[in-house]
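If you want the building blocks of each chain, they are given just below.
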Amino acid sequence: MNTRASSVASRPTGFAGETVRALASTLLLLGLIGDRRVR
């Protein structure tokens, strides 16, 4: 876990990609949860 964090910190582009992926997955999860609550 530490090695992955250091490698991401050394690459700003990699860090941005991870952030975008995390946001996308979070939005998908929220959308699924909201969809289930509506139904």
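Residues numbered from 1 in each chain as written. Predicted model: local features only at pLDDT ≥ 70, side-chain atom pairs only at ≥ 80, totals over all residues. Heavy atoms only, no water.

> Which residues make up the overall build of the protein chain, and what values do they have?
Within the protein chain one finds 2 helices and 0 strands. When each of the 39 residues of the protein chain is scored for burial, the buried share is 3%. Working note: accessible area of the protein chain is about 3,700 Å², and carbon and sulfur atoms make up 67% of it. (Helix = DSSP H or I, 4+ residues; strand = E, 2+ residues; numbered from the N terminus. Buried < 20%, exposed > 50% of the residue type's maximum accessible area, 1.4 Å probe, protein only. Areas by Shrake-Rupley, 256 points an atom, 1.4 Å probe, with all protein chains shown as cover.)

> For a nonpolar patch on the surface, give the residues involved together with the corresponding values.
Residues Leu 27, Leu 29, Leu 30, Leu 32 and Ile 33 make up a contiguous nonpolar surface patch of roughly 530 Å² in combined accessible area. As for its position among the elements, Leu 32 is in helix H2 (residues 12-38). (Patch = residues over 30% accessible without salt bridge, like charges linked within 9 Å, V, L, I, M, F, W, Y side chains within 5 Å. Salt bridge = Lys/Arg side-chain N within 4 Å of Asp/Glu carboxyl O.)

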